[in-house]
Amino acid sequence: MDLIFLQLLTGLAGASTLFLVAAGLTVIFGVTRVVNFSHGSLYMLGAFIAWSLLSRLPREPDYFVLGVLGAAVATAVIGAVLEVVLLRRIYRAPELLQLLATFGVVLVVQDVALWVWGPVDLSLPRPRWLRGAVEIAGLRFPFYDLVLIVVGPAVLGGLLLLFHRTRWGLLVRAATQDRDMVAALGVDQRVLFTSVFALGAGLAGLGGALALPQGSANLNMDLSVIAEAFVVVVVGGMGSLGGAFLAALLIGVLQAFGIALVPKITLVLVFLVMAAVLVVRPHGLLGKPQAMARGEVEALAPIRPAGPALQVLGLVALLAAILAPFVAGPYLLSVLTEAAVAVLFAASLHVMMGPGGMASFGHAAWFGVGAYAAAFAAKGLGAGMAVGLLLAPFAAGALALLVGAFVVRMSGVYLAMLTLAFAQIAWAVAFQWVEVTGGDNGVLGVWPDGWAADKPTMYWLALLLCVGGALVLRRALFAPFGFALRATRDSALRAEAIGLDAHRLRLAAFVLAGAGAGLSGAVFAYAKGSVFPTYMAIPHSVDALVTVLLGGVQTMAGPVVGAVTFTVLQSWLLMGDFWRIKLGLLIIALVLAFPTGIAGAASAVWDRWRGRAA
Amino acid sequence: MSVLVAEGLRKRFGANEAVAGVSLAVEPGEMLALIGPNGAGKSTCFNMLGGQLRPDEGAVRLGGQDVTGMAPRHLAHLGVGRTFQITASFASMTVRENVQTALLAQKRQAWRFWQAADAQHVGLAEGLLARVGMASQAERPAGVLAYGDLKRLELAMALAGDPVLLLMDEPTAGMAPAERAALMALVRGIARDQGVAVLFTEHDMDVVFGQADRVLVLDRGRLIAQGTPEAVRADPRVRAVYLGTAA
Ligand SMILES: Nc1ncnc2c1ncn2[C@@H]1O[C@H](COP(=O)(O)OP(=O)(O)O)[C@@H](O)[C@H]1O
Ligand SMILES: [Mg+2]
């Protein structure tokens, strides 16, 4: 009994910090319509800054309050700077690029935090008053849990007062309903947006600071908290503070009990509860249907099969790729093998993102599942490479079917958030389930069969499977299936009216994408001889996104061009320390340089050139 | 037997009862016009008949089969062709590919992963485009078409399924007057030749009275008059609520 009660308290305390983060996310989204992927980074900064302040201040309660508030204010300032420097420039960009740009910020902040605070987890020495307990009705409650439990509702109350009792709050709510109306009222929108962003960032920072005494400030907390916050916001209903509060309670308590009862599958449990809620209430607990643009991807020029010139170019490139081992050294060969893998990884994402119109921020999940399936075949079953290569796409495809069954109903940003949340959960499972996956140490010794053991043969095999796989996917996109899929993206209304099952088609694209990524993961596993949780980490998902965007979403050759470009970038430019900051800045620069989408810019140039030629 | 029968259809949006008990029947080969002022509930009726909206009350029967609340894609396979007030086509495809996709969908060939789609049903697609006067634009991207041409494309796509019933919500909006009459004359010919039942709305009264066999007048969600064009034109209630404002 007592134990259950304590667990419940832990859950409620965790729910409070989760609510703070989710509330900030929801408030920012409500006004700016930007899903801020870097919100978890603000939470992480809050924790690190709180550590720096609190470890220098005297260990007294009032100094603690001062330190926590100081961290929240500092994070709010960082948020305001972020809004002015970056966010403000991309409010009109396609939502996919907005998400990507804020993800660039995640990468930059990770390296900055690493540089400032170092790689070690930083925890706070806890003074006695923080560790104390309060006795109520004969039961002893941990004091700090009670503090946190009070903070959640207090902040909710404060926010509701702020939004409903002040002029600023009125303006924010008006902006949530109708941006242009606020502009018509003669209010400076820029100040409003910046202040809202600062408030949201401050809430995230407050959450991070408050979570510090019970854990530590570390470099993994940004992505783990953003995944949880996405789940909370989606379950609660996008834009609803009350919904976020309820959902945070639900998820927080569930996690606390889950960790006590079934530690290994807690995260899976969270995902299942989210699935259940969304099946019953597609817009979340308290959410209203949002008139939200579906993940529209740039201007829709007709997609043409490659013309003769491009086909010849493709054949020449393929021939060069086949002959490469006769001239390339071992290092170049391994880079080329990675490029081949990247081609299928990107081509599979392109299937759902381009013709499917569904952007995924968790595509690496399928890559990782495929890689672990190969590892399992090799080490668990002791089977040959053929088994692993076959098992991988089926395992990834089956899981994609399971997840896709309810995610593909979602529109643009929801889909992006849910795929990211799922990938983060898959990563955490791989990381924590040490008995099976080896945790952080990974699975070693996933070697190819003897006949493919030498580098050139493995490279040719990778080329055959990955480039072949990409060509098969491409073929499907120009087949009736691909037309039907594109039809559902262009106009779901018309597609249904001519007899197409939009949901099924989207699901099929999702599964196809998952299976393709799974195969590329298995090839990668055999080529490297090992499998690590990082294969399914979020940054790897973003690699796939950047690859597709580099090549252009609306061109079928895009994934190939993008994969080669990106692999080259990664192997030379983005190597060594601080690769995250370089990649992050590259992403941000790309988005700022091509706010209408890279493919859009390219095709505009192309049209102009053709116009002149004609 | 009537192709389409609707009985007592009702739909409310919040406190606003958009359609308050509408019953109608369309016969094979018949051109039935549903007219009424803006906001009368015409599009809502079309959406309930076409499966885009589920009626709160009432029933829809197609060829005697109860299809109330059935999804549009199932209705499409039962022979319901649809055009929308706000045109809906596939902007990333050419005009011909739009029609080919409609043909593939209607023939249940969408789940093919290997053969090249743009080589399928080329002749049929071009035939349909010729019928609606779009043959010369077959290779243009659908995204750049003029509004009237989009309406024509929609008609070609609706015809791809050999429909028994055409539901056309403002099929000629955005066209010049002469074009409007020509398009509806074309539809009328299809209705006659193939026994297709056509339910349409139209703002141009010349077109309505020139092409419709029968006219229904909707006002604030209720049918206030119906009959031959001449009878409806003479009806004083219609003149009061509808033609009074238009004339
Ligand atoms: N999806 C909807 N939600 C709320 N109200 C609607 C919706 N669709 C139509 N209405 C309302 O129903 C009434 C009828 O609209 P509609 O059927 O579009 O009329 P019409 O096509 O005759 O101009 C109008 O008052 C309109 O505002
Ligand atoms: Mg209408």
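In this convention, every chain numbers its residues from 1, walking through the sequence in written order. All chains are assigned letters beginning at A, and all ligands numbers beginning at 1, according to the order in which they are written. Residue-level local features of this predicted model are given only where pLDDT is at least 70; pairs of side-chain atoms are given and counted only at 80 or more, and the full residue set underlies all totals for whole chains, interfaces and linings. Each side-chain value is worked out from all heavy atoms of the structure, with water and hydrogens disregarded.

Quick notes on the overall build of chain B
For step 1, the next point in the chain: Scanning chain B from N- to C-terminus turns up nine helices and 10 strands.
For step 2, the next point in the chain: What you see for chain B is a C-alpha radius of gyration of 18 Å, in line with the 18 Å of a compact globule of 247 residues.
For step 3, the next point in the chain: Its C-alpha atoms put chain B at 60 × 40 × 35 Å along the principal axes.
For step 4, the next point in the chain: In chain B, 65% of the contacts between residues at least 6 apart in sequence involve partners at least 24 apart.
For step 5, the next point in the chain: Surface summary for chain B: the accessible area is close to 9700 Å², and the carbon and sulfur share equals 52%.
For step 6, the next point in the chain: Here Asp and Glu are counted as negative and Lys and Arg as positive; His is not counted, and neither are the chain ends. Note on charges: their place is set at NZ of Lys, CZ of Arg, CG of Asp or CD of Glu. Treating the 25 positive side-chain charges of chain B as one cloud and the 25 negative ones as another, the clouds have centres 4 Å apart. Every helix listed is a DSSP run of H or I at least four residues long, and every strand listed is a run of E at least two residues long, numbered separately from the N terminus. We compute the radius of gyration from the C-alpha atoms alone; for a globule the expected value is 2.2 Å times N to the 0.38, where N is the number of residues. Note on definitions: a residue-residue contact is assigned when non-hydrogen atoms from the two residues lie within 4.5 Å. Per-residue and other accessible areas were derived by the Shrake-Rupley procedure at a 1.4 Å probe size, with only the shown protein chains allowed to occlude residues.

With respect to a nonpolar patch on the surface
Residues and elements named next belong to chain A.
For step 1, the next point in the chain: Residues forming no salt bridge and having over 30% relative accessible area are the ones grouped into patches, like charges within 9 Å of each other and nonpolar side chains (Val, Leu, Ile, Met, Phe, Trp, Tyr) within 5 Å. Whenever Lys or Arg places a side-chain nitrogen within 4 Å of a carboxyl oxygen from Asp or Glu, that contact is recorded as a salt bridge. On the surface, Tyr331, Leu332, Val560, Val561, Val564, Val568, Trp572 and Met575 cluster together into a nonpolar patch covering about 730 Å² of accessible area.
For step 2, the next point in the chain: Put simply, the parts of the chain that give the nonpolar patch at least two residues each are α14 (330-353) and α24 (558-573).
For step 3, the next point in the chain: By secondary structure assignment, the location of Val568 is in helix α24.
For step 4, the next point in the chain: Burial classes: relative accessible area under 20% of the type maximum marks a residue as buried, over 50% as exposed, and values in between as partly exposed (1.4 Å probe, protein chains only). Its relative accessible area of 40% is what places Val568 among the partly exposed residues.

Thoughts on the packing of aromatic side chains
All names here are of chain A.
For step 1, the next point in the chain: A pair of Phe, Tyr and Trp rings is counted when the ring centres sit within 6.5 Å of each other, with Trp represented by its six-membered ring. The angle between the planes then sorts it: under 30 degrees is stacked, over 60 is edge-to-face, the rest tilted. Under the criterion given, the structure shown has 22 aromatic pairs over all chains.
For step 2, the next point in the chain: Centroid distance Phe37 to Phe230: 5.1 Å. Interplanar angle 50 degrees. Geometry classified as tilted. One end of the pair, Phe37, is in the loop between α1 (2-32) and α2 (39-54); the other, Phe230, is in helix α10 (residues 221-236), with 193 residues separating them in the sequence.
For step 3, the next point in the chain: Consider the rings of Phe367 and Tyr535, whose centres lie 6.0 Å apart with planes at 70 degrees: the pair is edge-to-face. You can see Phe367 sitting in helix α15 (residues 364-380) and its partner Tyr535 sitting in the loop between β4 (530-531) and α23 (538-551), a full 168 residues away along the chain. A single burial state applies to Phe367 and to Tyr535, both of which are buried.

What to know about the coordination of the magnesium ion (ligand 2)
All names here are of chain B.
For step 1, the next point in the chain: Atoms are scored as donors when they are N, O or S and lie within 2.8 Å of the metal, with 3.2 Å used for Na, K and Ca; no water is included, so coordination may look incomplete. Distances from the magnesium ion (ligand 2) to its protein donors, Ser43 (OG) and Gln85 (OE1), fall at 2.1 Å. With a gap of 42 residues between them, Ser43 in helix α1 (residues 42-49) and Gln85 in the loop between β6 (80-83) and α3 (95-106) connect regions that are remote in the sequence.
For step 2, the next point in the chain: A relative accessible area of 23% places Ser43 in the partly exposed class.

Considerations on the sheet that holds strand β4 (residues 57-62) of chain B
Residues and elements named next belong to chain B.
For step 1, the next point in the chain: Taken together, four strands build an open sheet; the order of strands is β2-β1-β4-β5 and the sheet is antiparallel. The sheet terminates laterally at β2 (16-26) and β5 (65-66), the two strands that pair on one side only.
For step 2, the next point in the chain: Criterion used throughout: strands pair if DSSP finds at least two bridges between them. Bridge count between strand β1 (residues 4-13) and β2: eight bridges; the pairing is antiparallel. Its bridge partner being in β2, Arg12 is matched across the sheet by Glu17.
For step 3, the next point in the chain: Of the strands in this sheet, β1, β2 and β4 are in contact with α1, which crosses β1 at around 120 degrees. Only the stretch in contact is used when a helix axis is fitted, and all axes are lines through C-alpha atoms; the angle between N-to-C directions ranges over 0 to 180 degrees.

Focus: the sheet that holds strand β3 (residues 31-35) of chain B
Residues and elements named next belong to chain B.
For step 1, the next point in the chain: Across the sheet, six strands lie side by side as β6-β7-β8-β3-β9-β10; this open sheet has mixed pairing. Of all the strands in the sheet, the pair left with one neighbour each is β6 and β10 (222-227). Sheet twist, expressed as the mean angle between neighbouring strand axes with direction ignored, is 15 degrees.
For step 2, the next point in the chain: Sheet contacts for helix α5 (residues 147-159): β6 and β7 (165-168); angle to β6, the most-contacted strand, approximately 170 degrees.

Quick notes on the site of ligand 1
Residues and elements named next belong to chain B.
For step 1, the next point in the chain: Taken together, Phe13, Asn16, Ala18, Pro37, Asn38, Gly39, Ala40, Gly41, Lys42, Ser43 and Thr44 make up the full set of residues near ligand 1.
For step 2, the next point in the chain: For this analysis, a polar contact is any N or O atom pair within 3.5 Å, provided that within protein one partner can donate a hydrogen and the other can accept it, and provided that sequence-adjacent residues contribute only side-chain to side-chain pairs. Within the backbone of Ala40, one N or O atom sits 3.2 Å away from an oxygen atom of ligand 1.
For step 3, the next point in the chain: Backbone polar atom of Gly41 to an oxygen atom of ligand 1: 3.0 Å apart, as the coordinates give it.
For step 4, the next point in the chain: For ligand 1, the accessible surface in isolation is 560 Å², of which the surrounding protein chains cover 59%.
For step 5, the next point in the chain: Where the shell around ligand 1 is concerned, the elements lending two or more residues are β2 and α1.
For step 6, the next point in the chain: Ranked by residue count, the leading element in the shell around ligand 1 is α1, at three residues. For this purpose, a residue is taken to be near a molecule or strand whenever a single non-hydrogen atom of the residue falls within 4 Å of it.

Things to note about the interface of chain A and chain B
For step 1, the next point in the chain: Every contact between the two is made by 32 residues of chain A and, on the other side, 35 residues of chain B.
For step 2, the next point in the chain: Two parts lose some accessible area (1.4 Å probe) when they are put together, and adding that loss for both gives the buried area. The junction of chain A with chain B conceals about 2900 Å² of combined surface from both sides, 66% of it contributed by carbon and sulfur atoms.
For step 3, the next point in the chain: Scanning the region where chain A abuts chain B turns up three salt bridges.
For step 4, the next point in the chain: Taken together, chain A and chain B are joined by 14 residue pairs in polar contact (both at pLDDT 80 or more).
For step 5, the next point in the chain: For the side of chain A that touches chain B, the elements supplying multiple residues, two or more each, are α19 (455-478), α20 (480-490), α21 (492-497) and α22 (502-528) of chain A.
For step 6, the next point in the chain: Of the residues forming the side of chain A that touches chain B, the biggest block, eight residues, is contributed by α20(A).
For step 7, the next point in the chain: Looking at the side of chain A that touches chain B residue by residue, the class counts come to 21 nonpolar, two polar and nine charged. By the convention adopted, Pro, Cys, Tyr, Trp, Phe, Met, Ile, Leu, Val and Ala count as nonpolar, Lys, Arg, Asp and Glu as charged, and the other residues, Gly among them, as polar.

Focus on the confidence of the model for chain A
All names here are of chain A.
For step 1, the next point in the chain: By definition, pLDDT measures how confident the predictor is in each residue, and it falls between 0 and 100. Confidence along chain A averages 86 in pLDDT terms, with 92% of residues attaining 70 or more.
For step 2, the next point in the chain: Helix α26 (residues 598-613) is the least confidently modelled element of chain A, averaging 60 in pLDDT, while α22 averages 97, the highest of any element.
For step 3, the next point in the chain: Note on residues 291-299: pLDDT is under 50 here. Beyond four places in sequence and across chains, it has 28 contacts.

Quick word on the confidence of the model for chain B
For step 1, the next point in the chain: With 98% of its residues at a pLDDT of at least 70, chain B reaches an overall mean of 92.
For step 2, the next point in the chain: Two summary scores accompany this predicted model of the complex, namely pTM at 0.86 and ipTM at 0.94.

So, helix α17 (residues 412-432) of chain A
For step 1, the next point in the chain: Helix span, as expected, comes to 1.5 Å for every residue beyond the first. An ideal rise of 1.5 Å per residue puts 30 Å on 21 residues; α17(A) measures up with 30 Å between its terminal C-alpha atoms.
For step 2, the next point in the chain: α17(A) sits mainly inside the fold: 18 of its 21 residues count as buried.

Here's the deal with helix α16 (residues 385-407) of chain A
All names here are of chain A.
For step 1, the next point in the chain: Here α16 is 23 residues long and its end C-alpha atoms lie 32 Å apart, about the 33 Å a rise of 1.5 Å per residue gives.
For step 2, the next point in the chain: The quantity called bend is, for any residue, the angle between two axes fitted respectively to the seven residues ending at it and the seven beginning at it. Along α16, the largest kink reaches about 25 degrees and is centred on Leu401.
For step 3, the next point in the chain: Listed in full, the buried residues belonging to α16 are Met385, Gly388, Leu389, Ala392, Pro393, Ala396, Gly397, Ala400, Val403, Gly404, Phe406 and Val407.
For step 4, the next point in the chain: Where α16 is buried, its residues meet α12 (266-280), α15, α17, α19 and α22.

Considerations on the pairing of strand β1 (residues 133-136) of chain A
Looking along a regular strand, one sees side chains alternate from face to face of the sheet.
Residue and element names in this part refer to chain A.
For step 1, the next point in the chain: Both β1 and strand β2 (residues 139-142) contribute to a ladder of four bridges, which runs antiparallel. Bridged to Ile136 within β2 is Leu139.
For step 2, the next point in the chain: From the end of β1 to the start of β2, which pair antiparallel, there are two residues, and Ala137 there has a positive phi angle of about 50 degrees.

Topic: the domain arrangement of chain A
Residues and elements named next belong to chain A.
For step 1, the next point in the chain: According to the domain assignment, chain A consists of domain 1 (2-220) and domain 2 (314-537).
For step 2, the next point in the chain: Where a domain begins and ends is set by an automatic assignment or by a domain database. Relative placement of domain 1 and domain 2: their C-alpha centres are 35 Å apart.
For step 3, the next point in the chain: Every contact between the two is made by six residues of domain 1 and, on the other side, eight residues of domain 2.
For step 4, the next point in the chain: Counting the surface lost from both domain 1 and domain 2, the interface buries some 710 Å², and carbon and sulfur atoms represent 90% of this.
For step 5, the next point in the chain: Taken together, the connections running from domain 1 to domain 2 amount to zero salt bridges.

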